[in-house]
Amino acid sequence: MITDARVLQPEFIPQEVEHRNPEVNHLSNALKPIMDGHPGETSLLLGPSGAGKTCIAQFTTERLRENVLDINTQYINCWQDYTRFRVLHRILDGIGQTVDIHRRSTPKDELLERLQDYDGPHYVVILDEVDQLEDKSVLYDLYQTRGITMVLIANREEELFATLDERLTSRLHSSVRIQFEKYPLDELVSILEARAGWGLSEGAIGNDQITHIADAAAGDARIGISILRNAARVADQQGTDTITEEIVRDAVPGGREEIRRKTAEKLRTHQRVLYEILQEEGEMSPGELYDEYCGRVDEAKTKRTVRNYLKKMEHYRLVTAQGEKRARTYRPREDPP
DNA sequence: GGTCCACAGGAAAGATAGGGTC
DNA sequence: GACCCTATCTTTCCTGTGGACC
């Protein structure tokens, strides 16, 4: 059934991308000066989850690597690397400059100095989920650093700019903006057909089943691929040669749940307890949530720390906060993060 | 309108932990 | 092994705000 599991993974970058030629060309043009030894333009890729932003950024920089002999690239997901230190560390890691840098013993400024001293090949840094960065001043420092071109990825422009200071806002306003929209049904169908063609045995899934998956994914390629992967796994376990309509129907909630579960796995023990409570109980006031949390753990953190946890979980898009101040309630998000 | 209470979130200080240095 | 340095996490303290109640 599954002939190549890699192509069913969300991080897989295909050799050719479909339905995103204008976006690829736009980004390629922004990075084109690098081919002549000049810095590229800072690019801002905007749009909803699963619209292909990450894939296009990686695909385009990969294509650039094929055309430019000397170039370095690095992909950083700011969900995981959300501090200034981690971002700088990850960037230096991309050029092999972290051998003697240690998480607990090297000052942040030294990392930046080392980066500013870098005089190697041009360096393209992709910062995904850039709105999740805790300290956005690192963007300003990178903007000022010679030899670095940034490709920034975020969901919503307003949310990103709301958290930037004036000097960054004015600089990023002049950056190249590339807007991504959700995939229409027919485009998502052809993307899933291609993945199925590359990763599953011939005839493993029919057009009706792929359309069903695309329809359930509602324009989000990441969810579509997750459902397809889930369906293929179930069919494999059942020992059947084809993915039936019944398997697809059962795989839809699992595909969505898988994305949520992977995000929840990033939570630490106490954060996970809070998330589980909200999943079980639904909407809760902060007081109710804290009382329930205290009843479930041995050594409860303070209310202030729990507020920080909930803020972080909001960032992870696992939890929604509604209302202000005393009227505030928390509930788990319905849609995948 | 005044008071109380619950809550958010900023600031600062303390605690923790990993690696370096001697 | 003791001590130092540093990033990160946690706690404490505080201010501001809005809803509930009188």
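Residues numbered from 1 in each chain as written. Chains lettered and ligands numbered in written order. Predicted model: local features only at pLDDT ≥ 70, side-chain atom pairs only at ≥ 80, totals over all residues. Heavy atoms only, no water.

## Here's the deal with the overall build of chain A
Move 1: A count of helical and extended segments in chain A gives 14 helices and 7 strands.
Move 2: Relative to the globule expectation of 20 Å for 337 residues, the C-alpha radius of gyration of chain A, 22 Å, shows essentially globular dimensions.
Move 3: A total of 337 residues make up chain A; the buried ones form 50% of that total.
Move 4: Considering only residue pairs separated by 6 or more positions, chain A has 71% of its internal contacts joining residues 24 or more positions apart.
Move 5: On chain A, roughly 17,000 Å² of surface is accessible, and the fraction owed to carbon and sulfur atoms is 44%.
Move 6: Across chain A, the mean location of the 45 positive side-chain charges is 6 Å away from that of the 58 negative side-chain charges. (Helix = DSSP H or I, 4+ residues; strand = E, 2+ residues; numbered from the N terminus. Rg over C-alpha atoms; globule rule 2.2 N^0.38 Å. Buried < 20%, exposed > 50% of the residue type's maximum accessible area, 1.4 Å probe, protein only. Contact = heavy atoms within 4.5 Å. Areas by Shrake-Rupley, 256 points an atom, 1.4 Å probe, with all protein chains shown as cover. Lys, Arg positive; Asp, Glu negative; His and termini not counted. Charge placed at Lys NZ, Arg CZ, Asp CG, Glu CD.)

## Some thoughts on the packing of aromatic side chains
Move 1: By the definition in use, this model includes 3 aromatic pairs.
Move 2: Between the NZ or CZ atom of Arg20 and the centre of the ring of Tyr183, over which it lies, the distance is 4.1 Å.
Move 3: The ring centre of Tyr82 lies 5.1 Å from the NZ or CZ of Arg86, which sits over that ring. (Phe/Tyr/Trp six-rings, centres within 6.5 Å; stacked < 30°, edge-to-face > 60°. Lys NZ or Arg CZ within 6 Å of the ring centre and 35° of its normal.)

## A word on the environment of Gly197
Move 1: The residue Gly197 is located in helix H8 (residues 185-199) in this model.
Move 2: It is 9.8 Å that separates the C-alpha atoms of Gly197 and Asp4, two residues lying 193 residues apart in sequence.

## A few points about the domain arrangement of chain A
Move 1: Along its sequence, chain A is organised into domain 1 (20-179), domain 2 (185-263) and domain 3 (267-332).
Move 2: Computed over C-alpha atoms, the centres of domain 2 and domain 3 are 33 Å apart. (Domains from an automatic or database assignment.)

## Here's the deal with the pairing of strand S2 (residues 71-77)
Move 1: Where burial is concerned, most of S2 is hidden: 5 out of the 7 residues are buried.
Move 2: As defined by bridge partners, S2 adjoins strand S3 (residues 122-128) across 7 bridges and the pair is classed as parallel. Across the sheet, Ile76 pairs through a bridge with Leu127, a residue of S3. (Pairing = 2+ DSSP bridges.)

## Quick look at the environment of Gly94
Move 1: On the secondary structure map, Gly94 appears in the loop between helix H3 (84-93) and helix H4 (108-116).
Move 2: Considering only alpha carbons, one finds Gly94 and Asn72, 22 residues apart in sequence, at a separation of 7.3 Å.

## So, the sheet that holds strand S4 (residues 148-154)
Move 1: Sheet architecture is open: 5 strands sit in the order S2-S3-S4-S1-S5, paired in parallel fashion. Edge positions in the sheet fall to S2 and strand S5 (176-179), since each has one partner strand and no second. For this sheet, the mean inter-axis angle between neighbouring strands, taken without regard to orientation, is 15 degrees.
Move 2: Strand contacts of helix H5 (residues 137-144): S3 and S4, with the helix running at about 145 degrees to S4, the strand carrying the most contacts. (Axes fitted to C-alpha atoms, helices over the stretch in contact; angles between N-to-C directions.)

## Section: the state of the cysteines
Move 1: Evaluated as defined, the whole model comprises 0 disulfides.
Move 2: Cys55 forms no disulfide, and the closest cysteine sulfur to it belongs to Cys78, at a distance of 18 Å. (Disulfide = S-S within 2.5 Å.)

## Some points on the pairing of strand S7 (residues 329-332)
Move 1: Of the pairings in the sheet, the one linking strand S6 (residues 319-322) to S7 comprises 4 bridges and is antiparallel in character. By the bridge assignment for S7, Val319 is matched with Pro332.
Move 2: Where S6 folds back on S7, the antiparallel hairpin that results is connected by 6 residues, among which Gly323 adopts a positive phi of roughly 80 degrees.

## Structural notes on the environment of Val125
Move 1: Tracing the backbone shows Val125 in strand S3.
Move 2: Taking C-alpha positions, Val125 is 33 Å from Leu200, a pair spaced 75 residues apart along the chain.
Move 3: Val125 has contacts with Gln74, Ile76, Ile91, Ile148, Thr149, Met150 and Val151, leaving out every residue within four places of it along the chain.

## A few points about the side chain of Ser43
Move 1: Tracing the backbone through its elements, the reader meets Ser43 in strand S1 (residues 43-46).
Move 2: Accessibility expressed as a relative area gives 0% for Ser43, which makes it buried.
Move 3: If sequence neighbours within four positions are ignored, Ser43 has contacts with Leu27, Ala30, Met150, Val151, Leu152 and Val176.

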